[in-house]
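Examining the three-dimensional arrangement
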Amino acid sequence: MTERGTPAEFARWVEPHLLVLARYAGRHAPAADRDDVVQEALIRAWQRWSTYDERRGAPVAWLIGIVADRCRRHRARGPGAVVELVEGVEPAAMPDIDLERALDRLTDRQRAAVDLHYYVGLDVATVAEVMGCAPGTVKATLHQARARLRDLLGDDHA
Amino acid sequence: MPDLIDERLARAARRWQETQPPPPVVLLDRLAEHRPHPGRRRRAGVIAAAAVLVVAAGAVAVGRLGSSGTSPSPTGPVTHRVGLEHPGTVPWADLPAGHPHVRTTLAPHGGATHGRVVTPFDGVSAVGAITGKAEPGDVLVFEAVLLSSTDLPLDPCPDYSIAFGRNSHRTWQLNCSAVPYRDARGRPYLPAATNVRFDMQVTVPDEPGRQKVLWTLDGPQQMPGFYGLVDVVRGS
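Residues numbered from 1 in each chain as written. Chains lettered and ligands numbered in written order. Predicted model: local features only at pLDDT ≥ 70, side-chain atom pairs only at ≥ 80, totals over all residues.

Some remarks on the packing of helix H2 (residues 18-28) of chain A against helix H4 (residues 59-76) of chain A
The description of two helices packed together rests on the angle between their axes and the distance between the axes. All names here are of chain A. In contact at an axis separation of 10 Å, H2 and H4 are set at 30° when each is read in the N-to-C sense. When the axes of H2 and H4 are compared, the pair comes out roughly parallel. Viewed along their axes, H2 and H4 form a crossing whose handedness is right-handed. Judged by residue contacts, Val20, Leu21, Tyr24, Ala25 and His28 of H2 engage Val60, Leu63, Ile64, Val67 and Cys71 from H4. For the contact of H2 with H4, the residue count by class is 9 nonpolar, 1 polar and no charged. (Axes fitted to C-alpha atoms, helices over the stretch in contact; angles between N-to-C directions. Helix = DSSP H or I, 4+ residues; strand = E, 2+ residues; numbered from the N terminus. Parallel < 35°, antiparallel > 145°, perpendicular 65-115°, else oblique. Left-handed = near helix turned anticlockwise from the far one by under 90°. Contact = placed C-beta atoms within 7 Å. Nonpolar A, V, L, I, M, F, W, Y, C, P; charged D, E, K, R; others polar.)

Concerning the pairing of strand S14 (residues 225-232) of chain B
All names here are of chain B. Taken together, the 4 bridges between strand S6 (residues 131-134) and S14 define a ladder with parallel strand orientation. Among the inter-strand pairings, Gly132 is bridged to a residue of S14, identified as Val230. One ladder, built from 8 bridges, connects strand S13 (residues 209-217) with S14; its direction is antiparallel. Bridge assignment links Val213 to a residue of S14, and that residue is Gly228. (Pairing = 2+ DSSP bridges.)

Section: unusual backbone geometry
Residues and elements named next belong to chain B. A cis amide bond, omega 10°, links Asp155 with the succeeding residue Pro156. By the element assignment, Pro156 lies in the loop between strand S8 (152-153) and strand S9 (159-164). Residue His99 is not a glycine yet carries a positive backbone phi of 45°. Relative to the helices and strands, His99 is located in the loop between strand S2 (79-81) and strand S3 (104-105). One non-glycine residue, Ala193, lies in the positive phi region at around 55°. Among the residues examined, Ala193 registers 16 C-beta atoms within 10 Å and is labelled partly exposed. (Buried ≥ 20, exposed ≤ 12 C-beta atoms within 10 Å, placed from the backbone.)

Some thoughts on helix H1 (residues 7-14) of chain A
Within H1 of chain A the residues assigned to the buried category are Pro7, Phe10, Ala11 and Val14 of chain A. For H1 of chain A, the angular spread of the buried residues around the axis is 100°, confining them to a single face. Buried positions along H1 of chain A lie against H2, helix H3 (34-48) and H4 of chain A together with helix H2 (28-32) of chain B. (Arc of directions from axis to C-beta.)

What about the interface of chain A and chain B?
At the junction of the two partners, chain A supplies 37 residues and chain B supplies 34 residues. Among the secondary structure elements, those contributing two or more residues to the side of chain A that touches chain B are H1, H2, H3, helix H6 (108-119) and helix H8 (135-153) of chain A. At 8 residues, the largest contribution of residues to the side of chain A that touches chain B is made by H3 of chain A. Partitioned by chemical class, the residues of the side of chain A that touches chain B number 22 nonpolar, 7 polar and 8 charged.

Side note on the confidence of the model for chain A
All names here are of chain A. Scored by pLDDT, chain A comes out at a mean of 83, with 83% of its residues at no less than 70. Element-level pLDDT for chain A is lowest in helix H5 (residues 97-103), with a mean of 88, against a maximum mean of 94 in H6. Throughout residues 80-93 the model reports pLDDT below 50, and contacts reaching past four residues in sequence, or to other chains, amount to 9 contacts. (pLDDT = per-residue confidence, 0-100.)

Some remarks on H2 of chain A
Every buried residue belonging to H2 of chain A is among Leu21, Ala22, Arg23, Tyr24, Ala25 and Gly26 of chain A, and all of these are buried. Where H2 of chain A is buried, its residues meet H3, H4 and H6 of chain A together with helix H1 (4-19) of chain B.

Quick look at the structure:
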């Protein structure tokens, strides 16, 4: 059982998952607010740490659930006054606009599965824990999402 | 037969990941400000831990305490570390600024980039956390995390600056020789898409109040960097 006592112990426990949490927040919150969302989520997780039960799932799934909640609250508060300026973006770093638009037309669950698996970088089993379903369901959802994207983008452009 | 959509998604995701700044660090002082909620099964243990936190918070209120590690001393300056120590972090060294010549103005026939000033470090981003409470003369230790989008030799070794409040500003050279990565020519370098952590330290100036501490990498026009706020309180 993890010793759950001090902020430093919590920090050591959560640190291996920070990259994934930041990526998730980066997909669901404005870039300028990403770190704030993660910090809010970490405080919430710290406050709720004693309720985490490892028998019910991996830490990363529990933590992403908290980050997702903070992202929803952040969106509910409305847009802030921050304007992001992007200068000198290299062509290689330009997003795939057509793909981004097509992703917006997926169902919420398909979009969530794609985000978690491809962009956040989770394996299917962990995606299943985050989404609260079986790994087979995640595989099927990803399959449907790719089929839908194929329809939207066309095979020639895939 | 390869799934082209799968490959396109993976490629787009990888590109997006590479553009993301490094994740934030855990701010221990912000955690300490929030008492954990007692769990159903571990209520007694958590109450005990919370009691420890309350004592720690009291220490923050009456004394000097950094956000993570603090070396208290009743007689001399105190060292405050912000965040956790990470293995493999490049140690800080008091190296005088080298002021390397890194800026190049692109030639007139450069088309749209005509006249643009570029440096080898334009693709570097820097993040870090600076926070806490300290007395003048104390030493603040924190990490600067550098991330390059490409393999980047630290040759020449860049300078960085730390501005503390309105009147304190100093420039040092990065401790490049202690970077654990070497390229084929034996030069220290920042591997692409890899966080490289550098320990930083700065002496707190005698400028009471909430002060902005700004860390910047010298060279690039955009000056990659980060800042935080530190409460400077004179001792009684």
